[in-house]
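Results of the structural survey
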Amino acid sequence: MAELILHHHDPSPFAEKIRLVFGLKGLSWASVQVPMIMPKPDLTLLTGGYRKAPVLQIGADVYCDTSLIARELEQRFPEPTLFPAGHVGLGYALSRWSDKAFFEPGAGLSMGENEGIPQEILDDRFKFFNFMDFGDMPAQMPHCYAQFQAQAQLLEDELAAIDTPYLTGEAPSWIDIQAYFSVWMANTNIPRAEELLEPFPHINAWSGRMEQIGRGERSDIDASRAHAAAHDAEPQEGIGVAANPFHDFVAGDAVNVMPDDYGFDPVEGRLTGLDTRRIVIERYTDELGSVAVHFPRAGYRIAAA
Ligand SMILES: N[C@@H](CCC(=O)N[C@@H](CS)C(=O)NCC(=O)O)C(=O)O
């Protein structure tokens, strides 16, 4: 199998979810650092326009969004599993809690309480994070603190109620990672993290265990090597377009795909796969040849191009 290449930036909490999956599964991976703001020509050459971090590349297959990346890694590397106690559907369903309810106030605090953030990053996120009102950041900080702690309390209550080291038992799972990434973001990016998390002793003890998972074996490469890997490979055989009474798409259709929450950058390609779990489109560029770009079905919109 071609090497695992993660296109990400080190401060990215979403990328941290996948770095933890590498740790949990004991995987070796290559890291390509992507700029934190647009333009990102080396990334968008691969994705066709999707700009978010992280993106996983394996040869000429490019996987967008942490929920699909986790699914793909679980399929290719089933042991150790991300679901030691089952709960697969629940684990993926938690993305909406993890990525919205818990992440958004943490992102607000990371932006609003860090004086050192360069203006160009704030300007970029102003256009990107439609869930935040950048108009008067200081006025919103009390609400962000309250919302972050309200979500942390849910996690604290859950951890207090169980007598196992991780949320679903003796081994860490995708559910732990979904719950942990905002705690990691707080500890890494929010200046008053210690005070913020002080009321939650179970979270603090569990965080120490989560850190023990590690991040797998990382090597650093540059984007040209990733591009060569795409160029030298062919996309994996597609999953096909499943017939469904609620859409008219067939294989080969020219379509646009984009997230339905924020970062509305459409990616155009030829549809090769569609079911209730994922969307796959194939794109051709002179630089890379054919590349398949994969998105989760949940949270992504597809339209005729
Ligand atoms: N739903 C996406 C969200 C990814 C996301 O929003 N990532 C942030 C970084 S933590 C991002 O892309 N920010 C803008 C950027 O880095 O350009 C996922 O699960 O991967």
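Description of the structure in this document. Model, not experiment: these values are computed from the prediction.

**With respect to the packing of helix 8 (residues 174-189) against helix 10 (residues 201-212)**
- Helix 10 packs onto helix 8 with a crossing angle of 105 degrees between their chain directions and a minimal axis gap of 11 Å. When the axes of helix 8 and helix 10 are compared, the pair comes out roughly perpendicular. Side by side, helix 8 and helix 10 meet where Asp176, Ile177, Ala179, Tyr180, Val183 and Trp184 of the first sit next to Ile203, Trp206, Ser207, Met210 and Glu211 of the second.
- Of the residues assigned to the contact of helix 8 with helix 10, the class counts are eight nonpolar, one polar and two charged.

**A word on helix 6 (residues 119-128)**
- Among the residues making up helix 6, those that are buried are Ile121, Leu122, Asp124, Arg125 and Phe128. Down the axis of helix 6, the sector holding all buried residues measures 165 degrees, keeping them to one side. Turned more than 90 degrees away from the buried face of helix 6, the exposed residues are Gln119, Glu120, Phe126 and Lys127.
- Lining the buried residues of helix 6 we find helix 5 (95-112).

**Some points on the nonpolar core**
- Judged by nonpolar contacts, the single largest core of 63 residues is most densely connected at Phe22, Leu56, Leu73, Leu155, Trp174 and Trp206.
- It is helix 8 that contributes the most residues to this core, ten residues altogether.
- Ignoring sequence-local partners within four residues, the contact set of Trp174 consists of Lys17, Ile18, Val21, Thr66, Ser67, Ala70, Leu82, Phe83, Gly91 and Tyr92.
- Listed in part, the 22 residues of the second largest apolar core include Val257, Leu274, Leu288 and Val291.

**Remarks on the pattern of salt bridges**
- Using the criterion set out here, one finds 17 salt bridges in the structure.
- Taking the shortest distance from any N to any O, the salt bridge between Lys17 and Asp99 comes out at 2.7 Å. Residue Lys17 is located in helix 1 (residues 13-25), and its partner Asp99 is located in helix 5; the two are separated by 82 residues in the primary sequence. Neither residue differs from the other here; Lys17 and Asp99 are each classed as buried.
- Here Glu282 makes a salt bridge to Arg270, at a shortest N to O gap of 3.8 Å. Separated by twelve residues along the polypeptide, Glu282 in strand 9 (residues 278-285) and Arg270 in strand 8 (residues 267-274) bring together distant segments of the chain.
- A residue is classified by how much of its surface remains accessible, and Arg270, at 39% relative accessible area, is partly exposed.
- Look at the salt bridges and you will find they share partners, linking Glu16, Arg19, Glu211 and Arg215 into a network.

**Section: the environment of Leu6**
- For Leu6, the location among the structural elements is in strand 1 (residues 4-8).
- Here the alpha-carbon distance between Leu6 and Gln33, two residues 27 residues apart in the chain, equals 8.3 Å.
- The residues touching Leu6, leaving out its near neighbours within four places in the chain, are Ala15, Ile18, Arg19, Phe22, Trp29, Ala30, Ser31, Val32, Pro54, Val55 and Leu56.

Reading the values: rules and limits
- Residues numbered from 1 in each chain as written.
- Predicted model: local features only at pLDDT ≥ 70, side-chain atom pairs only at ≥ 80, totals over all residues.
- Heavy atoms only, no water.
- Axes fitted to C-alpha atoms, helices over the stretch in contact; angles between N-to-C directions.
- Helix = DSSP H or I, 4+ residues; strand = E, 2+ residues; numbered from the N terminus.
- Parallel < 35°, antiparallel > 145°, perpendicular 65-115°, else oblique.
- Contact = heavy atoms within 4.5 Å.
- Nonpolar A, V, L, I, M, F, W, Y, C, P; charged D, E, K, R; others polar.
- Buried < 20%, exposed > 50% of the residue type's maximum accessible area, 1.4 Å probe, protein only.
- Arc of directions from axis to C-beta.
- Core = buried A, V, L, I, M, F, W, Y, C linked by side-chain atoms within 4.5 Å.
- Salt bridge = Lys/Arg side-chain N within 4 Å of Asp/Glu carboxyl O.

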